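# Per-entry structural report
What follows is each chain in one-letter form.
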Amino acid sequence: MRWWLGGRNRISTLGPLVASLVGAACGDPPTPSVPELSVHVDTVDGSRVVVSHVGEGPIWDMVERLKLGALGGDGEPQHADEFGRVTGVVAGADGALYVADALAREVRVFSAEGAAVRSIGRPGDGPGEFASIQSLGMLGDTLAVLDPFIGRISLFSTDGEWLGQRPYARVGGPDIRIFQTRSDEFSVPTVQGQMELVYVRHTASGPHESTPMRVGTPENFYVYCRGAGAFLYFYPEWAPSALRIPAPGGQAVEAWGGRYHVSVVEPGGDTVRVIERDYEPRAPTEAEWREQVAMFDSMMAPLVDRQCEPNRPVRPAEMGLIRTMFFDDSGRLWVERRASGGFLLDAFDHEGRLRGSVALPDRVLEVPIFIRGSHVYLVVEGDLDVHQVVVYEVDALDGGP
C-alpha cells in the first residue's frame with residue numbers, strides 16, 4: 001500500500017497574487033485591488049430572497065492529509081489502493097473512506113489513516129454483487145451503490161453486510177450518478193412517465209417525491225456529427241451550460257454557467273432564493289477559440305463522409321464561469337467556478353451567504369467532489385494516468401451551517 005499523511009501539499013491562491021506582483025515589478029500596470037466582501041440581502045415580491053455579493057471573501061488553505069493510489073502493475077493489482085477506474089468516493093462519520101473501483105467491480109474500504117480494511121462486493125448480479133458501479137452515496141451509516149446495469153441501488157452496512165436494495169431504472173449517461181444532498185439524504189436521476197427525466201430523493205425510510213431534472217437551456221453549443229456508422233458530439237470545454245441539481249428536502253438549485261446567478265427552486269417550481277456574485281462574463285479570446293476549433297477538427301477527422309449539426313462549432317459570447325454545484329454533509333452549497341489560473345470552490349451557508357473559498361487542483365471531472373466535516377475528497381490522475389484519491393483538510397470548516 002502507498003499512502004502519505006500530514007500536510008504534504010497546501011493548496012492556495014498565492015500563484016495569481018505572485019504573478020501580479022511580478023508583472024508590476026516588470027513594469028506592467030498593477031492589478032486593481034479587490035474590494036472586501038459585502039453581502040446584501042433583499043426580499044422581492046414578498047417571498048423571494050436575493051443574496052447579492054460584491055468583492056471577495058476569505059480564501060481558505062486546503063492541506064493534503066492523505067493520498068491513496070499506487071502505480072499500476074502488471075496483471076492482478078499488487079496493492080489494495082491500486083485502482084483501475086474510480087467512479088466514486090464517500091466517507092463515513094468516522095472518516096473511513098469508501099472507494100468504488102468500476103473495473104474491479106468492488107468497493108474498497110480504508111480507515112481514516114489510509115489502512116486497507118476490507119472490500120465490499122464482487123462481479124455478478126446476485127445480492128452484494130455488481131455488474132457496474134456508477135456512483136456511491138451515504139444514508140447516515142448506510143453505504144449506497146448505484147448499479148444501473150442491473151437496475152438497483154445496493155445498500156450495505158459499514159461492515160460490508162448486505163442490507164437490501166432499491167429498484168432503479170436502467171438509465172445510463174455521464175450525469176447518471178448519486179447526488180449527495182446531506183449526510184442522510186441523496187437523489188438519483190431516473191425516468192418516469194412518458195420519458196420524463198427526474199431526480200428521486202432517497203432517505204433511510206425509502207424513496208420520496210421526484211424533482212424535474214431538465215432545465216431550459218438559453219443556448220446550446222453541442223455539435224453532433226455522424227459518418228460511416230459512427231456518431232460523435234463535441235462541446236467546447238469552457239462553453240457555458242445549464243445546470244440543475246437536487247438540493248436538500250426536495251428542492252433544486254439551477255444556474256446558467258456563464259454567469260454567477262444561482263436559483264434555489266421549490267418542488268413546485270417557485271424560486272425562493274437567489275445567490276448572486278458580481279462577476280462579469282468574459283468572452284473567449286481568438287487564440288482560445290482557435291484551439292477549440294482545432295480540437296474539434298482533430299476529433300472529427302476519423303469520421304468518413306461526416307455530417308454535422310451545426311456544420312462547425314458556434315463561438316460562445318461568454319466563457320463558462322460555473323462548472324459544478326453540489327452539497328456537503330450538512331447541506332451547505334458549494335459552487336465550483338473558473339478563476340485566474342484554475343478553479344475555486346465557493347462555500348455558502350444555508351442562508352446563501354458566502355463563507356469562504358478554496359483553490360482546487362486538477363481533478364478527474366467525472367468523479368464528484370465529496371465534502372464531510374472539514375475534509376474534501378477528490379480523485380486526481382497521477383503518473384501513467386492512475387487514479388488516486390486525495391483527502392484535504394480545510395481548517396476553517398467546522399461542519400456547521
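Computed from a predicted structure; not experimentally measured.

### Examining the nonpolar core
- Counting residues in hydrophobic clusters, the biggest one holds 30 residues, and the most contacted among them are Leu-97, Tyr-98, Val-107, Leu-136, Leu-143, Val-145 and Val-389.
- Put simply, the parts of the chain that give this core at least two residues each are β5 (62-68), β6 (86-91), β7 (97-101), β8 (106-110), β10 (135-139), β11 (142-147), β30 (375-381) and β31 (387-393).
- Grouped together as the second largest cluster of nonpolar side chains are 21 residues, Ile-245, Ala-247, Tyr-279 and Val-335 included.

### Observations regarding the sheet that holds β11
- Strands sit in the order β10-β11-β12-β13 across an open sheet of four strands; the sheet is antiparallel. In the strand order of this sheet, the two ends are held by β10 and β13 (162-167), each with one partner. Each strand of the sheet is rotated relative to its neighbour by a mean of 25°, with strand direction disregarded.
- Relative to strand β12 (residues 152-157), β11 runs antiparallel, the two being bridged by six bridges. Across the sheet, the residue bridging to Val-145 is Ser-154, located in β12.

### Some points on unusual backbone geometry
- With omega at -10°, the peptide bond leading from Glu-309 into Pro-310 counts as cis.
- Its location among the elements puts Pro-310 in the loop between β24 (307-309) and β25 (322-327).
- Its identity is not glycine, yet Asp-45 carries a phi of approximately 60°, on the positive side.
- Mapped onto the fold, Asp-45 is located in the loop between β3 (38-44) and β4 (48-54).
- Phi at Leu-384 takes a positive value of approximately 60°, unusual for a residue other than glycine.
- In this fold, Leu-384 is placed in the loop between β30 and β31.
- In this structure Leu-384 comes out as exposed when scored by relative accessible area, which is 72%.

### Some thoughts on the side chain of Thr-142
- Mapped onto the elements of the fold, Thr-142 is located in strand β11.
- Taking relative accessible area as the criterion, Thr-142 reaches 15% and is therefore assigned buried.
- Contact partners of Thr-142, with chain neighbours within four places excluded, come to Gly-137, Leu-155, Phe-156 and Leu-163.

### Description of helix α2 (residues 286-300)
- The end-to-end C-alpha separation of α2 is 21 Å, in line with the 21 Å expected for 15 residues at 1.5 Å each.
- The set of residues buried in α2 consists of Trp-289, Gln-292, Val-293, Phe-296 and Met-300. Buried residues in α2, looked at end-on, bunch into an arc of 95°, giving them a common side. Residues of α2 that are exposed and point over 90 degrees away from its buried face: Arg-290 and Ser-298.
- Those residues of α2 hidden inside the fold are in contact with β18 (223-227), β19 (230-234) and β24.

### Digging into the packing of aromatic side chains
- In this structure the tally under the stated criterion is 15 aromatic pairs.
- Relative to Phe-110, the ring of Phe-83 lies with its centre 6.1 Å away and its plane at 85°, an arrangement referred to as edge-to-face. With Phe-83 in the loop between β5 and β6 and Phe-110 in strand β8, this residue pair connects regions lying 27 residues apart in the sequence. By the burial criterion, Phe-83 is buried, and Phe-110 matches it.
- Ring geometry for Phe-326 versus Trp-334: centroids 6.4 Å apart, planes at 5°, classification stacked.
- Residue Phe-326 is classed as buried on the basis of its relative accessible area, which comes to 11%.
- For Trp-334, a relative accessible area of 0% corresponds to the buried category.
- Over the aromatic face of Phe-179 sits the side chain of Arg-177, whose NZ or CZ is 3.8 Å from the ring centroid.
- Of note, Arg-277 hangs over the ring of Tyr-260, and the distance from its end group to the ring centre comes to 5.8 Å.

Reading the values: the criteria
Residues numbered from 1 in each chain as written. Predicted model: local features only at pLDDT ≥ 70, side-chain atom pairs only at ≥ 80, totals over all residues. Heavy atoms only, no water. Core = buried A, V, L, I, M, F, W, Y, C linked by side-chain atoms within 4.5 Å. Buried < 20%, exposed > 50% of the residue type's maximum accessible area, 1.4 Å probe, protein only. Helix = DSSP H or I, 4+ residues; strand = E, 2+ residues; numbered from the N terminus. Pairing = 2+ DSSP bridges. Axes fitted to C-alpha atoms, helices over the stretch in contact; angles between N-to-C directions. Contact = heavy atoms within 4.5 Å. Expected span 1.5 Å × (residues − 1). Arc of directions from axis to C-beta. Phe/Tyr/Trp six-rings, centres within 6.5 Å; stacked < 30°, edge-to-face > 60°. Lys NZ or Arg CZ within 6 Å of the ring centre and 35° of its normal.

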